[in-house]
Amino acid sequence: EKTRRRRSPGLTQWPIVGILPAIVSNIHRIFEGVTGMLALSGLNYQCRFWFAGFRYFITCDPANVRHIFTSNFENYPKGDVFAQMFDILGGGIFNSDGERWRSQRTKAQMLMTTPRYRAFVAQSSLDKAVQSVLPFLAHVADSDTTCDLQDVFTRWSFDTTCNLVFGVDPGCLAIGLPDVPFARAMDDVLRTVFVRHIMPVTCWKMMRRLDVGHERKNAAARRTADEFVAATIASRRAAYNKHRADKSAADLLSSFICDEEIAGDPDADVYIRDMTMNLLVAGRDATSSALSWFSYLIATNPRVEKKLLEELAPIAARKPVGPNGMVAFEAGELKNLLYLHAAVCECLRLYPSLPVETKAVAAHDVLPSGHEVRPGDKILVFNYSMGRMKRVWGADCREFRPERWISEDGKLRYVPSNKFVAFNSGPRTCLGKEMVLVQMKVTVAAVAWNFAVEVVPGHVVEPKLSIILHMKNGLLVRVKRRSGNPAMIGKQQ
Ligand code: HEM
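This write-up is about the structure you can find in this document.

Parameters and conventions
- Residues numbered from 1 in each chain as written.
- Predicted model: local features only at pLDDT ≥ 70, side-chain atom pairs only at ≥ 80, totals over all residues.
- Heavy atoms only, no water.
- Helix = DSSP H or I, 4+ residues; strand = E, 2+ residues; numbered from the N terminus.
- Rg over C-alpha atoms; globule rule 2.2 N^0.38 Å.
- Contact = heavy atoms within 4.5 Å.
- Areas by Shrake-Rupley, 256 points an atom, 1.4 Å probe, with all protein chains shown as cover.
- Lys, Arg positive; Asp, Glu negative; His and termini not counted.
- Charge placed at Lys NZ, Arg CZ, Asp CG, Glu CD.
- Salt bridge = Lys/Arg side-chain N within 4 Å of Asp/Glu carboxyl O.
- Near = heavy atom within 4 Å.
- Polar contact = N/O pair within 3.5 Å; in protein donor to acceptor, adjacent residues only side chain to side chain.
- Nonpolar A, V, L, I, M, F, W, Y, C, P; charged D, E, K, R; others polar.
- Donors = N, O, S within 2.8 Å, 3.2 Å for Na, K, Ca; no water.
- Pairing = 2+ DSSP bridges.
- Axes fitted to C-alpha atoms, helices over the stretch in contact; angles between N-to-C directions.
- Phe/Tyr/Trp six-rings, centres within 6.5 Å; stacked < 30°, edge-to-face > 60°.
- Lys NZ or Arg CZ within 6 Å of the ring centre and 35° of its normal.
- Patch = residues over 30% accessible without salt bridge, like charges linked within 9 Å, V, L, I, M, F, W, Y side chains within 5 Å.
- Buried < 20%, exposed > 50% of the residue type's maximum accessible area, 1.4 Å probe, protein only.
- Parallel < 35°, antiparallel > 145°, perpendicular 65-115°, else oblique.
- Left-handed = near helix turned anticlockwise from the far one by under 90°.

Counting its regular elements, the chain contains 20 helices and nine strands. Computed over C-alpha atoms, the radius of gyration of the chain comes to 23 Å, within 12% of the 23 Å expected from 2.2 N^0.38 for 493 residues, which places it in the range of a compact globule. Within the chain, residue pairs in contact and separated by at least 24 positions form 70% of the contacts whose partners lie at least 6 positions apart. Roughly 21,700 Å² of accessible area belongs to the chain as shown, and the carbon and sulfur atoms make up 56% of that amount. Each charge sign in the chain was given a centre, from 64 positive and 50 negative side chains, and these centres are 5 Å apart.

With the rule as written, the count across this model stands at 39 salt bridges. We note a salt bridge from Asp259 to Lys107, for which the minimum N-O separation is 3.1 Å. Of the two residues, Asp259 sits in the loop between helix H12 (252-258) and helix H13 (260-263) while Lys107 sits in helix H6 (residues 98-112), which places them 152 residues apart along the sequence. Across the pair Glu403 and Lys307 runs a salt bridge, and its minimum N-O distance is 3.2 Å. Separated by 96 residues along the polypeptide, Glu403 in the loop between helix H19 (390-393) and helix H20 (433-450) and Lys307 in helix H15 (residues 302-318) bring together distant segments of the chain. Here the salt bridges share partners, and the residues they tie into one network are Asp87, Arg196, Arg208, Glu215, Arg222, Asp226, Arg273 and Asp274.

Within the structure, the ligand sits among 24 residues, and Trp101, Arg105, Asn424, Arg428 and Cys430 are positioned closest to it. Contacts to the ligand include Arg105, whose side-chain N or O atom sits 2.7 Å from an oxygen atom. Take Asn424: an N or O atom from its side chain is 3.4 Å from an oxygen atom of the ligand. Across the shell around the ligand, the residue classes break down as 15 nonpolar, five polar and four charged.

There is one protein donor for the iron atom of the ligand, and it is Cys430 (SG), at 2.3 Å. Inspection of the secondary structure assignment puts Cys430 in the loop between H19 and H20.

Here we come to the sheet that holds strand S8 (residues 451-455). Taken in spatial order, the three strands of this open sheet run S3-S9-S8, and their pairing is antiparallel. Every interior strand has two partners, whereas the edge strands, strand S3 (146-148) and S8, have only one. Across the sheet, the axes of successive neighbouring strands diverge by a mean angle of 40°, strand direction being ignored. Relative to strand S9 (residues 476-481), S8 runs antiparallel, the two being bridged by five bridges. Each residue of the ladder has a partner; that of Val455, found in S9, is Val477. Packing of helix H7 (residues 115-142) onto the sheet brings it into contact with S3, S8 and S9, and relative to S9 it is tilted by some 90°.

In this section: the packing of aromatic side chains. Within the structure shown, the criterion is met by 13 aromatic pairs. Plain terms: the ring middles of Trp293 and Tyr296 are 5.9 Å apart, the flat faces sit at 80° to each other, and that makes the pair edge-to-face. Of this pair, Trp293 and Tyr296 both sit in helix H14 (residues 268-300), separated by three residues, roughly a single helical turn. Grouped by ring-pair contacts, the aromatic residues Phe158, Phe166, Phe182 and Phe228 constitute a single cluster. The side chain of Arg349 reaches across the aromatic face of Trp393, ending 4.9 Å from its centre. The aromatic ring of Tyr384 is capped on one face by Arg388, whose charged end is 3.8 Å from the ring centroid.

A cluster of nonpolar side chains, contributed by Met206, Leu210 and Val212, occupies part of the molecular surface with about 270 Å² of accessible area. Secondary-structure assignment places Val212 in the loop between helix H10 (201-210) and helix H11 (213-242). The partly exposed category is assigned to Val212, whose relative accessible area is 35%.

Right, let's get into the packing of H11 against H14. Remark: H11 packs on H14, axes separated minimally by 11 Å, with the N-to-C direction vectors making an angle of 120°. In terms of axis orientation, H11 runs oblique to H14. Where H11 crosses over H14, the two elements pack in a sense that is right-handed. For the pair formed by H11 and H14, the contact residues are Arg222, Ala225, Asp226, Val229, Ile233 and Arg237 on the first element and Ala268, Asp269, Ile272, Arg273, Thr276 and Met277 on the second. Each residue belonging to the contact of H11 with H14 can be placed in one class, and the counts come to six nonpolar, one polar and five charged.

This is the structure we're talking about:
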């Protein structure tokens, strides 16, 4: 086992410096490198950086995931270093542990599961598909040019998330693709967070103090982002104070402002700032990553595309064709489509938007795999690798095969969340999961039904080195309008 580990095609282990040289030389393919290493080392890998005095435990073992995220949840907080790296999130839900996290989660969950909010998500997803996504792609198709679909979905996601969280659509996905300072500021902030992940803490803190490099850009970006959020909160509060009786707005900011418990908090504005900023960060990049990988997978798997269109055909046949010759589907119409649901899950299994999750260790513990962890250790759960383990998903684990989610009797197969980790597992499971599934289904169904998407030949699609699983070179595609005739299923015009 030791010899195999040392010769791992993933990352080689050296005396004293451990896998550090391998990480540095494989940084461009770190996700695949770690996956190869975990496959050879039995799903878990412990490495020590003796000279730096800290230890990492890397895992994609479902038994350990259950233990860390659920059974012994209290022992594995996010930790202080996480909160320092993500300082943009303030004291919000992502950055908090213990009671502060629990109370925010309860509040956010309560507001995000009301029938009114669900209806708002469903309607705004449809509106955005009809008013922005389809017209934009029609423009690209008619002008016979290429476009970066990842950029399209990042803009879509920013507009959609801003609308759901702040009740404002900044219009990033307008034809002409305008520059939106708030969106650019958020990109700069998240780039800095990634750099902080791979740089020693003392080093980036020093750069922050000296206001140089990424940290300088980050400080300016944070000012832009904070000003936008503060101004939006102030104007909504003013509007609420003026028309106190009107509580019709369904966006989350309005719900926070109307909430009497929050209003009684002397730090209500800080609470609302942190909460909305966290939801914005949570929603924006994860959803755009998922939509980009889904489009890539559909474009390169004609068999799956055909089955998806066959499932949509009976619904499309009952619907009137829009004035622009296109058809969009409502969330309620897509809710029970099994193959569509399976394809979305299968995409997130192979391309989880958060490829890695980090946890701290509060007290000494022995994991189900037998490995010991101690306070000060850092745990890295490799969601990306979990979907690529034969021991977990079988010999065809690298294939995009939605059928694996469907049982022999044609029902959705139950898969535990410690094996399908895209939305996290246990008490910190993603709060946006149901909402994202609605948004994704409405968007991908509209795109797939109306357009054939082809990746530009020679364009290299590979993961970017980032905390979010974006594509390094974007997703350069050509789109062609399809006939609205279901008989044309799967055929490009
Ligand atoms: C495809 C899209 C998405 C994926 C794959 C995803 C996945 C995840 C994952 C893996 C976590 C755990 C992160 C961690 O603990 O570090 C998480 C947490 C969370 N997600 Fe999502 N997410 C998505 C979209 C959204 C959206 C649109 C929202 C709402 C606007 C949202 C709200 C949250 C919140 C509030 C948490 C924190 C939960 C907690 O700590 O208790 N997510 N999500």
